[in-house]
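What follows is each chain in one-letter form.
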Amino acid sequence: KAPRRATHGSRIQWLAGLSSVLLLLVLLFANALLARASVRIDLTEEGLYTLSDGSEKILAGLEDPASIKVFWHNVPLKFDHTKRYVAALLEEMEAASDGKVQTQWVDMSEDAGLEQATEIGLEEHTFAVRHGSEFRQAQGYMSLVIEIGDAQPEKINALANITDKLEYRIVSSIFKGQRTAPPIIGLVHHMPFNPMGGGRQQSNFAYLQQELYLAFGNALRGNVSLDQPVAEDVDVLIVADPRDFTEQQVFRFEQFLLRGGRAILLLDPLDIRAVLGRGVQVVRPNSSGFEDWLAHLGVTVEKGCVVDFNENASCLYPSDRVDQMGRLIGRDWVRYAHWPKVLPDYTNPENPVMRYLRPMAMYW
């Protein structure tokens, strides 16, 4: 029996050795996988170091490399938490972009770093530094510069003051830097577009045309019609104040979206006009023609508007009294809300539009 025990013990040792080798191979394989993947864990309760889904999508789709240079010099120790946040945020952006975003902390211990900050035109930040029992002012830098393609470098100063907006500022700057030309905006409107203004405009969106022209210039197509397919060069379609669009027009709108276009629908569900000289309000729901299409997407357009019954948000308004022949017989001054007081059911506090609305003055 002694030789048997020796054979059994050898087998156990052999199995133990094999298990150790297999475990080592598993660990080496897992380590290789982790080395190839970027695994990052955000342990903060608010997810401070986690990029939003939108930022990750933009950074993952970058075509051109982007460079971010950080200038951090002569900053008091109390801002170390800001420095750690900026460093962690930039590391997340590098990982999300798969290396397309490259960051560099400029060496500010030498004159070359300070000269570079001056040449770029960065603003020095003023800090209050305590020396003993008194405070003294000190100058320093806590800025970054974003460079991408041929776009003008974007400078962001005073990082400690905008940490809650820093992710948006950086990602939006990178996104804009990718564009070689402004987007082509197509405006669909039932009123003829006049870039020079003038003329009597009855539309509720009359000023929109002029503002878009000032913002986009020649990149605005001001008289796009859905009576025919939307031109291929249009990137974004704004449909303002649509009235009784036909099924064919809605179909062309949908085809524009299906090809990858973006659209903004500015619906005006209520047409409120005061009849001059009579003091009468005419309230008529509008039909845009998009109701069925929106309902298919699960969107319902309510025939109402927000109401504010706060007396402080009203003004004195002349109301003319006329006889049956329409002749003026007197004038009363009445309180007239800046928000039209229509459809009382919209005063329901459970309505999400009304729930957190504070009183505000809107001028007619």
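Residues numbered from 1 in each chain as written. Predicted model: local features only at pLDDT ≥ 70, side-chain atom pairs only at ≥ 80, totals over all residues. Heavy atoms only, no water.

Draft legend 1. Spotlight on helix 3 (residues 80–96). Helix length check: helix 3, at 17 residues, gives a terminal C-alpha distance of 24 Å against a target of 24 Å (1.5 Å per residue), a fit within 8%. Thr82, Tyr85, Val86, Ala88, Leu89, Leu90, Glu92 and Met93 are the residues of helix 3 that are buried. In this structure, the buried side of helix 3 is in contact with helix 2 (53–60), strand 1 (66–73), strand 2 (101–105) and helix 5 (166–178). Once helix 3 ends, the next one or two residues include Asp98, with phi positive near 55°. (Helix = DSSP H or I, 4+ residues; strand = E, 2+ residues; numbered from the N terminus. Expected span 1.5 Å × (residues − 1). Buried < 20%, exposed > 50% of the residue type's maximum accessible area, 1.4 Å probe, protein only. Contact = heavy atoms within 4.5 Å.)

Draft legend 2. Representation of a nonpolar patch on the surface in the model. Together, Trp14, Leu15, Leu18, Val21, Leu22, Leu24, Leu25 and Leu28 make up a nonpolar patch on the protein surface, roughly 790 Å² of accessible area in all. Position of Leu18 relative to the elements: it lies in helix 1 (residues 2–36). (Patch = residues over 30% accessible without salt bridge, like charges linked within 9 Å, V, L, I, M, F, W, Y side chains within 5 Å. Areas by Shrake-Rupley, 256 points an atom, 1.4 Å probe, with all protein chains shown as cover. Salt bridge = Lys/Arg side-chain N within 4 Å of Asp/Glu carboxyl O.)

Draft legend 3. Representation of the packing of helix 2 against helix 5. For the pair helix 2 and helix 5, interaxial distance at closest approach is 10 Å and the crossing angle is 30°. With respect to each other, helix 2 and helix 5 are oriented roughly parallel. Crossing angle aside, the handedness with which helix 2 passes helix 5 is left-handed. In this structure, helix 2 uses Ser55, Ile58 and Leu59 to contact helix 5, whose residues at the interface are Glu167, Val171, Ile174 and Phe175. Partitioning the contact of helix 2 with helix 5 into residue classes produces five nonpolar, one polar and one charged. (Axes fitted to C-alpha atoms, helices over the stretch in contact; angles between N-to-C directions. Parallel < 35°, antiparallel > 145°, perpendicular 65-115°, else oblique. Left-handed = near helix turned anticlockwise from the far one by under 90°. Nonpolar A, V, L, I, M, F, W, Y, C, P; charged D, E, K, R; others polar.)

Draft legend 4. Highlighting the pattern of salt bridges. For the structure on display, the rule yields four salt bridges. Here Arg243 and Asp241 are joined by a salt bridge, their closest N and O atoms 3.0 Å apart. What makes Asp241 buried here is its relative accessible area of 0%.

Draft legend 5. Looking closely at the sheet that holds strand 9 (residues 262–266). An order of 7-6-8-9 is seen for the four strands of this open sheet, with the pairing classed as parallel. Where the open sheet ends on each side, the last strands, each with one partner, are strand 7 (220–224) and strand 9. For this sheet, the mean inter-axis angle between neighbouring strands, taken without regard to orientation, is 20°. As defined by bridge partners, strand 6 (residues 185–188) adjoins strand 8 (residues 236–240) across four bridges and the pair is classed as parallel. In the sheet register, Val188 faces strand 8, and the bridge partner there is Val239. In the packing of helix 7 (residues 247–258) onto the sheet, the strands contacted are strand 8 and strand 9, and the crossing angle to strand 9 comes to about 140°. (Pairing = 2+ DSSP bridges.)

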